[in-house]
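# Working through the structure, step by step
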Amino acid sequence: MRNRRHRSRTAVALAAAALLGTSLGACDAQGGNSPAPGPSAHRKPSPRPTPAWDTTPRSLAAVGDSITRGFDACSVLSDCPEASWATGTDVEVKSLATRLLGKERAASHSWNHAKTGARMADLTGQVQQAVTERPELVTVMVGANDACRPSVGAMTPVGEFRADFEEAMRTLRRSLPKAQVYVASVPDLKRLWSQGRTNALGKQVWKLGICSAMLADPDDLGAAASERRARVQDRVVAYNEVLEEVCDEDRRCRYDGGAVFDYRFDGDQLSHWDWFHPSKNGQARLAELAHRQVTSRKPVAR
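Okay, so let's go over this structure. (Residues numbered from 1 in each chain as written. Predicted model: local features only at pLDDT ≥ 70, side-chain atom pairs only at ≥ 80, totals over all residues. Heavy atoms only, no water.)

Next up on the list: the overall build of the chain. Within the chain, the secondary structure is distributed over 12 helices and five strands. In the chain, which comprises 302 residues, the proportion classed as buried is 46%. Of the contacts made within the chain by residues no fewer than 6 positions apart, 73% connect residues no fewer than 24 positions apart. Accessible area of the chain: about 15,700 Å², with a carbon and sulfur share of 52%. (Helix = DSSP H or I, 4+ residues; strand = E, 2+ residues; numbered from the N terminus. Buried < 20%, exposed > 50% of the residue type's maximum accessible area, 1.4 Å probe, protein only. Contact = heavy atoms within 4.5 Å. Areas by Shrake-Rupley, 256 points an atom, 1.4 Å probe, with all protein chains shown as cover.)

Moving on: the pairing of strand S1 (residues 60-64). Taking burial as the measure, the five residues of S1 include five buried ones, the bulk of the element. Because side chains alternate across S1, one face comprises the buried residues Leu 60, Ala 62 and Gly 64, and the other comprises Ala 61 and Val 63, equally buried. Alignment of S1 against strand S2 (residues 110-112), held across three bridges, turns out to be parallel. When the bridges of S2 are listed, Ala 62 appears paired with Asn 112. Relative to strand S3 (residues 137-141), S1 is paired through five bridges, and the arrangement is parallel. Paired with Ala 62 across the two strands is Thr 139, which belongs to S3. (Pairing = 2+ DSSP bridges.)

What follows covers the state of the cysteines. Tallied over the entire structure, the rule returns three disulfides. The partner cysteine of Cys 74 in its disulfide is Cys 80, sulfur to sulfur 1.8 Å. As the torsion about the S-S bond is roughly -55 degrees, the Cys 74-Cys 80 disulfide counts as left-handed. Shown here is the disulfide that connects Cys 247 with Cys 253, its sulfur atoms set 2.0 Å apart. Where Cys 247 bonds to Cys 253 through sulfur, the torsion about that S-S bond is close to -110 degrees, and the disulfide is left-handed. By relative accessible area, which is 12% here, Cys 253 ends up buried. Counting only the cysteines that take part in disulfides, in the order they occur along the chain, gives the pairing 1-2, 3-4, 5-6. (Disulfide = S-S within 2.5 Å.)

Right, let's talk about the packing of helix H6 (residues 158-175) against helix H10 (residues 223-248) for a bit. In contact at an axis separation of 10 Å, H6 and H10 are set at 30 degrees when each is read in the N-to-C sense. For the element pair H6 / H10, the angle class is roughly parallel. Classified by chirality, the crossing of H10 by H6 is right-handed. Note on element contacts: H10 touches H6 through Arg 235, Ala 238, Tyr 239, Val 242, Leu 243, Glu 245, Val 246 and Cys 247, opposite Val 158, Phe 161, Arg 162, Phe 165, Glu 166 and Met 169. (Axes fitted to C-alpha atoms, helices over the stretch in contact; angles between N-to-C directions. Parallel < 35°, antiparallel > 145°, perpendicular 65-115°, else oblique. Left-handed = near helix turned anticlockwise from the far one by under 90°.)

Mapping Val 142 onto the fold places it in the loop between S3 and helix H5 (144-147). Overall, the relative accessible area of 3% leaves Val 142 in the buried class. For Val 142 and Tyr 239, which are 97 residues apart along the polypeptide, the C-alpha to C-alpha distance reads 9.8 Å.

The next point concerns the sheet that holds S1. Read across the open sheet, the five strands follow the order S2-S1-S3-S4-S5; overall the sheet is parallel. Edge strands, defined here as strands with exactly one partner in the open sheet, are S2 and strand S5 (253-255). When the angles between neighbouring strand axes are averaged without regard to direction, this sheet yields 15 degrees. The strands that H6 touches are S3, strand S4 (180-183) and S5; relative to S4, the one it contacts most, it runs at about 155 degrees. Running at roughly 140 degrees to S4, helix H12 (residues 280-294) makes contact with S3, S4 and S5 of the sheet.

Looking now at the pattern of salt bridges. All told, the structure shown has 11 salt bridges when counted by the stated rule. Ionic pairing is found between Arg 69 and Asp 79, a salt bridge with its closest N-O pair at 3.6 Å. With Arg 69 in the loop between S1 and helix H2 (96-101) and Asp 79 in the loop between S1 and H2, this pair connects stretches of sequence that are 10 residues apart. On the basis of relative accessibility, which here comes to 18%, the residue Arg 69 falls in the buried class. Overall, the relative accessible area of 35% leaves Asp 79 in the partly exposed class. For the salt bridge of Arg 197 with Asp 219, the shortest nitrogen-to-oxygen distance reads 3.7 Å. Of the two residues, Arg 197 is situated in the loop between helix H7 (189-196) and helix H8 (200-206) and Asp 219 in the loop between helix H9 (212-215) and H10; the sequence distance between them amounts to 22 residues. On the basis of relative accessible area, Asp 219 is assigned to the partly exposed category, the value being 45%. (Salt bridge = Lys/Arg side-chain N within 4 Å of Asp/Glu carboxyl O.)

Two elements in contact, H7 and H10, have axes whose closest approach is 8 Å; the angle formed by their N-to-C orientations is 135 degrees. In this view, H7 runs oblique relative to H10, as classed from their interaxial angle. Residues Leu 189, Lys 190 and Trp 193 of H7 form the contact with H10, whose participating residues are Arg 229, Val 232, Gln 233 and Val 236.

Here it is in structure tokens:
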């Protein structure tokens with residue numbers, strides 16, 4: 001009898017201990033003295049992987065301004081699209097389309113929608129045309145005309161420049177969400193002035209109204225003229241910052257890192273009709289810079 005009472009008390013004690021342990025465990029589970037959850041408890045979802053850049057696109061559409069139209073590369077004050085860095089057929093240039101697609105395919109799978117005189121506000125309309133061809137790569141070179149206005153005060157405000165570029169990119173993505181985009185920087189207009197001002201013929205052509213904000217009175221080195229050119233240069237730098245920032249927000253856009261702005265165009269690379277736009281040699285250099293960026297798995301550092 002004594003043993004049975006002893007066993008009974010033992011069983012009750014064990015049951016009470018088990019019940020107490022369960023209660024303590026429940027308290028800890030609600031934030032008592034239990035250890036912090038392990039790393040897996042708050043594991044964040046993996047970020048969406050960035051798609052690999054396709055170094056061999058099979059079609060190309062170009063949008064932009066007079067540079068992409070080959071203006072003054074072949075004859076005075078006229079377009080020469082066959083000499084375009086982006087889509088031209090001239091063997092001296094060896095355009096980006098030719099380098100990527102080969103001569104035969106470039107003829108049927110590359111399109112040039114750039115317009116001489118175009119500004120960033122015109123880019124959306126060009127993109128609307130370009131998307132109809134369903135290109136795998138779209139090249140963008142625009143912004144020089146936003147700075148090349150009759151006066152400094154007429155230059156496109158940076159905020160408008162950004163809004164217009166963003167709208168063009170949205171327009172592109174609505175139709176072509178997977179197309180790749182190569183964005184070239186705006187050239188260094190002040191360097192083009194410093195190179196061209198040494199040529200008498202070029203300065204006569206400049207008087208017709210080419211980029212007056214920068215090129216007017218090219219031999220005037222006074223304080224007012226220098227300040228005017230500095231303001232144009234600052235605006236170009238700001239435009240390039242916008243191009244980079246907006247492009248960085250798009251997973252399939254690649255900015256050239258300032259390669260075109262940094263390129264030191266000289267007399268051989270400038271048109272001998274206006275000493276401002278690229279010659280065939282200059283167009284070839286632009287094609288080379290673009291090809292280097294497009295065919296690299298990662299953006300080429302400056």
